[in-house]
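# Structural features, examined
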Amino acid sequence: MRPLILLFISLLIIPGVFAQENENTKKAERKARDRYLGLGSGFSYVKVRDETTSPLLYKGPTIPAVFNYLVHSERVIKSLDVDFSFGFLHTNTELPWYNPVNTSYYISIRYNWLYNVRKFAYDKINWYLGPELNINGHFRVNYKYDNSAFTFDNYNGIGIATRFELPFSYKAKQVKMWFINFNRRDRDLRLSWQLSAPVLSFMIRPSYVTITNFIDPDLQTKITPDHTSGGLFIPFNLRSQTDLHYILHNRNEIRLSYVWNFFHHDPGYNKVQSAYHGITLSLLYKLNPNQ
């Protein structure tokens, strides 16, 4: 009888012990993840054709600012990226008496949660996959058009992102450049490429020339069904980001990034498409202590 009682007690206690050990292991893994806060700037270039107001192609350089919160480990990557740029866009049809200028305000907010799917290339490259939430807005003002000066495209949704990472390093070495000798310290680096696209989106766009009916003041603050659309891959958006992380010995990082973001929407009467190119340099400050 006693062995049966001991066996019954063991069956009750042992699963709880393993569950507690498993929970402790998960907590330790989460605590060991690197956490960074980043801020940077650089150079960007925007092209846009918005037939709500004009069939002309507007393009020009803009000034970007980027903010990033990154949680990174070999198993999980969580990232919040905020991109903002401001600048003035021009056309190739400028004349001495007619110089249309678009004032451009661009913002993109993305949060993704990626899991390590597998390793390949002799376990040198990590492949991540997971969901992404995104908020996107491009606001433009062209004062030459008076009552239709303001136009924009805003789309928000959920999508999917995939990421490939290649960690690598180089050893300390004495380098001679011309007649100068200096010691190159050992360094760890990480090269990554991420591709993402919204799958299901909700969009707000001007119907024809303005988002509001400027003739009727009662309609100037209302968003009607004529201004909204969305669905599966509506609008179409594709974003690519390539990062080179230069890891300092204090475990902070310098990140060089190139972002390409393409957007296209054509409901049949106010087609809009744009392309964003941005090169930024950011400092990622490590929030958790060195391990």
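Right, let's walk through the structure included here. All figures in this text were calculated on a predicted structure; none of them were measured in a lab. (Residues numbered from 1 in each chain as written. Predicted model: local features only at pLDDT ≥ 70, side-chain atom pairs only at ≥ 80, totals over all residues. Heavy atoms only, no water.)

Here the focus is the overall build of the protein chain. What the protein chain contains, in helices and strands, is one helix and 13 strands. Listing each helix as α and each strand as β along the protein chain from the N terminus yields α-β-β-β-β-β-β-β-β-β-β-β-β-β. For the protein chain, restricting intrachain contacts to residue pairs at least 6 apart in sequence, the fraction spanning at least 24 positions comes to 64%. Accessible area for the protein chain stands at about 17,000 Å²; split by element, carbon and sulfur atoms hold 66% of it. (Helix = DSSP H or I, 4+ residues; strand = E, 2+ residues; numbered from the N terminus. Contact = heavy atoms within 4.5 Å. Areas by Shrake-Rupley, 256 points an atom, 1.4 Å probe, with all protein chains shown as cover.)

Going through the model one piece at a time under the given rule, you end up with ten salt bridges. A salt bridge links Arg110 to Glu132, with the shortest nitrogen-to-oxygen separation between them at 2.7 Å. Here Glu132 lies in strand β5 (residues 125–141) and Arg110 lies in strand β4 (residues 101–120), a separation of 22 residues in the sequence. Judged by relative accessible area, which is 2%, Arg110 ranks as buried. Exposure remark for Glu132: the relative accessible area of 0% places this residue in the buried category. Between Arg140 and Asp153 there is a salt bridge whose closest N-O contact spans 3.0 Å. Of the two residues, Arg140 sits in strand β5 while Asp153 sits in strand β6 (residues 150–170), which places them 13 residues apart along the sequence. (Salt bridge = Lys/Arg side-chain N within 4 Å of Asp/Glu carboxyl O. Buried < 20%, exposed > 50% of the residue type's maximum accessible area, 1.4 Å probe, protein only.)

This brings us to the packing of aromatic side chains. Within the structure shown, the criterion is met by 13 aromatic pairs. On the basis of an interplanar angle of 10 degrees and a centroid distance of 6.1 Å, the ring pair of Phe164 and Trp193 is categorised as stacked. With Phe164 in strand β6 and Trp193 in strand β9 (residues 187–204), this pair connects stretches of sequence that are 29 residues apart. Taken together through their ring pairs, the aromatic side chains of Phe120, Trp127, Phe164 and Trp193 make up a single cluster. (Phe/Tyr/Trp six-rings, centres within 6.5 Å; stacked < 30°, edge-to-face > 60°.)

Looking at chain direction, β5 and β6 are connected through 16 bridges and run antiparallel. When the sheet's bridge partners are listed, Pro131 is paired in β6 with Ile160. (Pairing = 2+ DSSP bridges.)

A separate point is the pairing of β5. The side chains of a regular strand alternate, residue by residue, between the two faces of the sheet. The pairing of β4 with β5 spans 15 bridges and is antiparallel. When the bridges of β5 are listed, Asn116 appears paired with Tyr128. The antiparallel pairing of β4 with β5 creates a hairpin that spans four residues between the two strands, and Ala121 there sits at a positive phi of about 60 degrees.

Mapped onto the fold, Thr91 is located in the loop between β3 (76–90) and β4. When residues no more than four places from it in sequence are discounted, the contact partners of Thr91 are Leu56, Leu57, Tyr58 and Pro100.

With that settled, consider unusual backbone geometry. Positive phi is not limited to glycine here, since Ala121 has a value of about 60 degrees. If you trace the backbone, Ala121 turns up in the loop between β4 and β5. Phi angles above zero are rare outside glycine, and Arg251 is one such case at about 75 degrees.

The next point concerns a nonpolar patch on the surface. A contiguous nonpolar patch, built from Phe168, Leu191, Leu244, Ile254, Leu256, Tyr258, Ile279, Leu281 and Leu283 and spanning about 750 Å² of accessible area, is present on the exposed surface. Those elements that place two or more of their residues in the nonpolar patch are β12 (253–265) and β13 (272–286). Leu283 sits in the partly exposed class, given a relative accessible area of 47%. (Patch = residues over 30% accessible without salt bridge, like charges linked within 9 Å, V, L, I, M, F, W, Y side chains within 5 Å.)

Among the structural elements, Asp50 can be located in strand β1 (residues 34–50). Other than its neighbours up to four places away in sequence, Asp50 contacts Arg140, Thr151, Arg205, Lys271 and Val272. Polar contacts involving the side chain of Asp50 include one to the side chain of Thr151, which spans 3.0 Å. Within the structure, the side chain of Asp50 is placed 3.1 Å from the side chain of Arg205, a separation counted as a polar contact. (Polar contact = N/O pair within 3.5 Å; in protein donor to acceptor, adjacent residues only side chain to side chain.)

Here Phe263 shows up in strand β12. Its relative accessible area of 1% is what places Phe263 among the buried residues. Through-space distance from the C-alpha of Phe263 to that of Ser274 is 5.3 Å; in sequence the pair is eleven residues apart. For Phe263, the residues in contact, after removing those within four places along its chain, are Asp153, Tyr155, Met203, Pro235, Phe236, Asn237, Val272, Gln273 and Ser274.

Here we come to the nonpolar core. If you look at the biggest cluster of nonpolar residues, it comprises eleven residues: Val46, Val48, Tyr58, Leu89, Tyr106, Tyr155, Met203, Val259, Phe263, Val272 and Tyr276. Going through the elements one at a time, β1, β12 and β13 are the ones with two or more residues in this core. Apart from residues no more than four positions distant in its own chain, Val46 is found in contact with Tyr58, Lys59, Gly60, Thr62, Leu89, His138, Ala275 and Tyr276. Within the second largest apolar cluster, seven residues are counted, among which are Leu70, Ile77, Leu114 and Leu284. (Core = buried A, V, L, I, M, F, W, Y, C linked by side-chain atoms within 4.5 Å.)

Remember that the coordinates give geometry; whether it matters functionally is a separate question.
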